[in-house]
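# Residue-level structural notes
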Amino acid sequence: MRGILQAILNSKLVLSGFIMVFLAMILSAVAVFHVGHPSYSSSGVLEPGNHTLGNSTFENRYFYYNRTLFLHSKNATIELSWGNFTGVYNLTGNATFIPTDRPEVRVINGTVTYTYRAKAISYPYSDLAIPAAILAFAGTVFLWVGYAHALKGRRRK
């Protein structure tokens, strides 16, 4: 048993496999690291008509969002939509919405004051997950092949 363990530990394929798997774990840990929370905010007054809120450049750059839309009016009728959601509201006072996509506001009558905020999570190193997966797969293959070669020479007869 001691000879088999020694043969496995002396195998260059096994050592290479361990190094590859270890590097894959490090790259994977770096890939899930997120940096800051970039955000976008806009506010203003909406007159009657169609308005798409947000910044397409900012919102197409990131994947995970926390969006908030604050609306205020003394008396206005609006149609609010995003994604598969559409709703018509008679707005008197304040209203808060959590849209899942860039909101579109159609002011039917009156004026509406709005504040729109989008907060994102940035994973700038997520591309490292691809070489990490390749290294993990290759390292596993090297470990198995090295293990098989080490045992091949130590078979009992």
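Scroll up for the structure.
Below, the structure is looked at part by part. (Residues numbered from 1 in each chain as written. Predicted model: local features only at pLDDT ≥ 70, side-chain atom pairs only at ≥ 80, totals over all residues. Heavy atoms only, no water.)

### Re the overall build of the protein chain
On a plain count of helices and strands, the protein chain comes out with four helices and six strands. Reading the protein chain from its N end, one meets helices and strands in the order α-α-β-β-α-β-β-β-β-α. Taking the principal axes of the C-alpha coordinates as reference, the protein chain spans close to 90 × 25 × 20 Å. Residues counted as buried form 27% of the 157 residues belonging to the protein chain. Carbon and sulfur atoms make up 59% of the accessible area of the protein chain, which totals about 10600 Å². (Helix = DSSP H or I, 4+ residues; strand = E, 2+ residues; numbered from the N terminus. Buried < 20%, exposed > 50% of the residue type's maximum accessible area, 1.4 Å probe, protein only. Areas by Shrake-Rupley, 256 points an atom, 1.4 Å probe, with all protein chains shown as cover.)

### Brief notes about helix α4 (residues 129-152)
Here α4 spans 34 Å end to end across 24 residues, near enough to the 34 Å set by a 1.5 Å rise per residue. Burial in α4 covers these residues: A132, G139, G146 and A150. (Expected span 1.5 Å × (residues − 1).)

### Considering the nonpolar core
Counting 21 residues, the largest nonpolar core has L69, L71, V105 and V112 as the members making the most contacts within it. Of all the secondary structure elements, the ones that give two or more residues to this core are β1 (39-46), β3 (64-82), β4 (85-97), β5 (104-109) and β6 (112-121). (Core = buried A, V, L, I, M, F, W, Y, C linked by side-chain atoms within 4.5 Å.)

### Focus: the packing of aromatic side chains
Overall, the coordinates contain five aromatic pairs when judged by the stated rule. With a centroid separation of 4.5 Å and an interplanar angle of 35°, the aromatic rings of W82 and F85 are classed as tilted. In this structure W82 comes out as buried when scored by relative accessible area, which is 10%. Here a set of aromatic residues connected by ring pairs shows up, and it is made of W82, F85, Y89 and F97. (Phe/Tyr/Trp six-rings, centres within 6.5 Å; stacked < 30°, edge-to-face > 60°.)

### Focus: the pattern of salt bridges
Following the criterion strictly, the structure yields one salt bridge and no others. Linking R106 and E79 is a salt bridge whose minimum nitrogen-to-oxygen distance equals 2.9 Å. One end of the pair, R106, is in strand β5; the other, E79, is in strand β3, with 27 residues separating them in the sequence. (Salt bridge = Lys/Arg side-chain N within 4 Å of Asp/Glu carboxyl O.)

### A short note on helix α2 (residues 12-31)
Counting along an α-helix, one turn takes 3.6 residues, and residues three or four places apart therefore face a common direction. Between its first and last C-alpha, α2 extends 28 Å over 20 residues, near the 28 Å set by a 1.5 Å rise per residue. Among the residues of α2, those classed as buried are V14, G17, M20, A24 and A31. In a view along the axis of α2, the buried residues occupy a sector of 120°, so they form one face of it. Opposite the buried face of α2, at more than 90 degrees from it, the exposed residues are K12, F18, F22 and M25. (Arc of directions from axis to C-beta.)

### Some thoughts on a nonpolar patch on the surface
Together, L15, I19, F22, L23, M25, I26, V30, F33, V35 and Y125 line one region of the surface with nonpolar side chains, adding up to about 930 Å² of accessible area. Note that V35 resides in the loop between α2 and β1. On the basis of relative accessible area, V35 is assigned to the partly exposed category, the value being 39%. (Patch = residues over 30% accessible without salt bridge, like charges linked within 9 Å, V, L, I, M, F, W, Y side chains within 5 Å.)

### Description of the pairing of β6
Residues V112, Y114, Y116, A118 and A120 line the buried face of β6, whereas the alternating positions T113, T115, R117, K119 and I121 sit on a face that is not buried. Taken together, the eight bridges between β1 and β6 define a ladder with antiparallel strand orientation. The residue of β6 that forms the bridge with S43 is T115. Bridging between β3 and β6 involves nine bridges; their strand directions are antiparallel. Its bridge partner being in β6, L69 is matched across the sheet by Y116. (Pairing = 2+ DSSP bridges.)

### Observations concerning the packing of α2 against α4
Following both chains from N to C, one finds α2 and α4 inclined at 160°, their axes separated by 7 Å at the closest point. Judged on the interaxial angle alone, α4 and α2 are roughly antiparallel. As α2 runs across α4, the sense of the crossing is left-handed. A breakdown of the residues in the contact of α2 with α4 according to their chemical character gives 19 nonpolar, seven polar and no charged. (Axes fitted to C-alpha atoms, helices over the stretch in contact; angles between N-to-C directions. Parallel < 35°, antiparallel > 145°, perpendicular 65-115°, else oblique. Left-handed = near helix turned anticlockwise from the far one by under 90°. Nonpolar A, V, L, I, M, F, W, Y, C, P; charged D, E, K, R; others polar.)

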